[in-house]
Amino acid sequence: MPETTTTDGLTLPRIGFGTAALKGQHGARTIAAALRTGYRLIDSAFNYENEGAVGAAVRSSGVPRDEVIVTSKLPGRHHAHDAAIAAIEESVYRTGLDHLDLYLIHWPNPSQGRYVEAWEALIEARERGLVRAIGVSNFLPEHVDRLVEATGVVPAVNQVELHPYFPQADQRADDASRGIVTEAWSPLGRASEVLQDPVLVRIAEGHGASVPEVILAWHARLGVVPLPKATALERQQQNLAAIDLELTDADVEAIASLARPDGRNNDQDPAVYEEF
Ligand code: A2P
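Rules behind the numbers
Residues numbered from 1 in each chain as written. Predicted model: local features only at pLDDT ≥ 70, side-chain atom pairs only at ≥ 80, totals over all residues. Heavy atoms only, no water. Helix = DSSP H or I, 4+ residues; strand = E, 2+ residues; numbered from the N terminus. Rg over C-alpha atoms; globule rule 2.2 N^0.38 Å. Buried < 20%, exposed > 50% of the residue type's maximum accessible area, 1.4 Å probe, protein only. Contact = heavy atoms within 4.5 Å. Areas by Shrake-Rupley, 256 points an atom, 1.4 Å probe, with all protein chains shown as cover. Lys, Arg positive; Asp, Glu negative; His and termini not counted. Charge placed at Lys NZ, Arg CZ, Asp CG, Glu CD. Near = heavy atom within 4 Å. Polar contact = N/O pair within 3.5 Å; in protein donor to acceptor, adjacent residues only side chain to side chain. UniProt positions renumbered as here; feature names shortened; annotations may be inferred. Pairing = 2+ DSSP bridges. Axes fitted to C-alpha atoms, helices over the stretch in contact; angles between N-to-C directions. Right-handed = clockwise from strand over helix to strand, strands pointing away. Salt bridge = Lys/Arg side-chain N within 4 Å of Asp/Glu carboxyl O. Phe/Tyr/Trp six-rings, centres within 6.5 Å; stacked < 30°, edge-to-face > 60°. Lys NZ or Arg CZ within 6 Å of the ring centre and 35° of its normal.

A.B. asks: Explain the overall build of the protein chain to me, using residue names and the numbers behind them.
C.D. replies: In terms of helices and strands, the protein chain carries ten helices and ten strands. Against the 2.2 N^0.38 benchmark of 19 Å for 276 residues, the protein chain shows a C-alpha radius of gyration of 18 Å, consistent with a compact globule. When the backbone C-alpha atoms are referred to their principal axes, the protein chain occupies close to 55 × 40 × 30 Å. Going through the 276 residues of the protein chain one by one, you find that 56% of them count as buried. Taking all contacts inside the protein chain whose residues are at least 6 apart in sequence as the whole, residues at least 24 apart take part in 75%. Entry remark: accessible area of the protein chain is about 11300 Å², with carbon and sulfur atoms responsible for 48%. Across the protein chain, the 24 positively charged side chains and the 39 negatively charged ones have centroids separated by 5 Å.

A.B. asks: Quick rundown of the site of the ligand? Include the residues and the values.
C.D. replies: Around the ligand, 15 residues are found, and the nearest of them are Leu 188, Arg 190, Thr 231, Gln 238 and Asn 239. Here an oxygen atom of the ligand and a backbone polar atom of Gly 189 are 3.3 Å apart. A distance of 2.7 Å is found between a nitrogen atom of the ligand and a side-chain nitrogen or oxygen belonging to Gln 238. Taken by itself the ligand offers 580 Å² of open surface, and the protein chains cover 80% of this. When residues in the shell around the ligand are grouped by element, the largest group, three residues, is from helix α9 (residues 233–241).

A.B. asks: Before we move on, can you summarise the UniProt feature "domain: NADP-dependent oxidoreductase" (unreviewed entry) in the protein chain with the specific residues and values?
C.D. replies: Mapped onto this numbering, the UniProt entry gives "domain: NADP-dependent oxidoreductase" (unreviewed entry) at residues 14–258. Measuring from the first to the last C-alpha atom of residues 14–258 gives 23 Å, for a span that is 45% helix and 15% strand.

A.B. asks: Residues and numbers for the sheet that holds strand β5 (residues 69–74), please.
C.D. replies: Spatially, the eight strands line up as an open sheet ordered β3-β4-β5-β6-β7-β8-β9-β10, and their pairing is parallel. Either end of the sheet is taken by a strand with one partner, and the two such strands are β3 (17–18) and β10 (225–226). Summarising the sheet, strand β9 (residues 181–185) and β10 pair through two bridges and their orientation is parallel. Paired with Glu 183 across the two strands is Val 225, which belongs to β10. Here helix α3 (residues 81–95) sits on the sheet and contacts β5, β6 (100–105) and β7 (131–137); the angle it forms with β6, its principal contact strand, is near 140°.

A.B. asks: An account of the pairing of strand β8 (residues 157–161) is requested, with residue identities and associated values reported.
C.D. replies: Most of β8 is tucked away, with five of its five residues classed as buried. Pairing analysis gives two bridges linking β7 to β8, with the strands arranged parallel. Each bridged residue has a counterpart across the sheet, and for Ser 137 the counterpart in β8 is Gln 159. As for the winding sense of the linkage, the β-α-β connection from β7 through helix α5 (residues 141–151) to β8 is right-handed. For β8 and β9, the ladder comprises five bridges, and the chain directions are parallel. Within β9, the residue paired with Gln 159 across the bridge is Glu 183.

A.B. asks: Account for the pattern of salt bridges, naming residues and giving values.
C.D. replies: Scanning the entire structure with this criterion turns up 14 salt bridges. Between Asp 101 and Arg 65 there is a salt bridge, with the nearest N and O atoms lying 2.9 Å from each other. Residue Asp 101 is found in strand β6, and its partner Arg 65 is found in the loop between α2 (51–60) and β5; the two are separated by 36 residues along the sequence. The partner of Arg 264 in a salt bridge is Asp 269, and the shortest N-O contact between them spans 3.8 Å. The exposure class assigned to Asp 269 is partly exposed, which follows from its relative accessible area of 25%. Connected via shared salt-bridge partners are Arg 65, Asp 101 and Arg 132.

A.B. asks: Would you mind going over the packing of aromatic side chains in detail, with residue names and values included?
C.D. replies: The full count for this structure, using the stated rule, is four aromatic pairs. Linked through ring pairs, Trp 107, Trp 185 and Tyr 273 together constitute an aromatic cluster. Here the guanidinium or amino end of Arg 94 rests over the ring plane of Phe 46, the centre of that ring lying 4.0 Å away. Looking at Arg 260, its charged tip hangs above the ring of Tyr 165, at a distance of 3.7 Å from the centre.

A.B. asks: Residue-level account of the side chain of Thr 95, with values.
C.D. replies: Relative to the helices and strands, Thr 95 is located in helix α3. The residues contacting Thr 95, other than those within four sequence positions of it, are Glu 51, Gly 55, Ala 56, Arg 59 and Leu 100.

What follows is the structure, given as structure tokens:
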């Protein structure tokens, strides 16, 4: 699978696997199946309450540990330095692995104003070898500015909501200008109306492909790493194969026309929306 390299030297595959809501034994089996299907980038978070399932999946999958990028994220309630360090240590313990590969600040929570402190903790965790690479999620350019001004350390990754109704052109350009790899959460718009969009249906028919494949191929074409979640094996396989689908320039232009100013799924604007 073609790859993207971050400024931290982490080599990311061009598509990853989202795990929100995959937990317990069923979750561990589903994630292990994704690994055996060929996914090598697994996205998790402290707040998904499934770091244990992710670790169990990695250990039972038969895939060598050093071939898998395991990601987790720091919750908003643990931005204070010591709480952040303890949360990262807990994330590692929960997986049962000896380190994580990528660790992100889940949301900036600007009204709390402690994301710089959290970033300093992530830098320390990287220096200690708890995590190999560090980044952010849902950070607007102004939030990234503050991290860089305070520490000089640029995030390796920024994971944001990104799908055809909310393509994040400005955010992508800002990330790219800093060498930050953009990852997409909810790349399929959480299987909402976007999967029935007539423009996408027409493009999919033209390629003999499905709409999810077209959407994920579009992410790859933009240089964004999508993190689709899929429970059924056939969907996991279909989504992984999407990376080989080549869209035409006309397809990409048509998809760009679907952008909506209010295209977020649940109105989660990081300037005001916060998670703890
Ligand atoms: P499920 O997990 O039940 O298999 P997103 O990644 O944007 O959050 O979207 C996840 C949703 O999209 C899930 O409901 C998932 O279903 C569904 N999904 C994932 N892959 C496909 C696919 N290839 N076709 C249709 N629905 C899919």
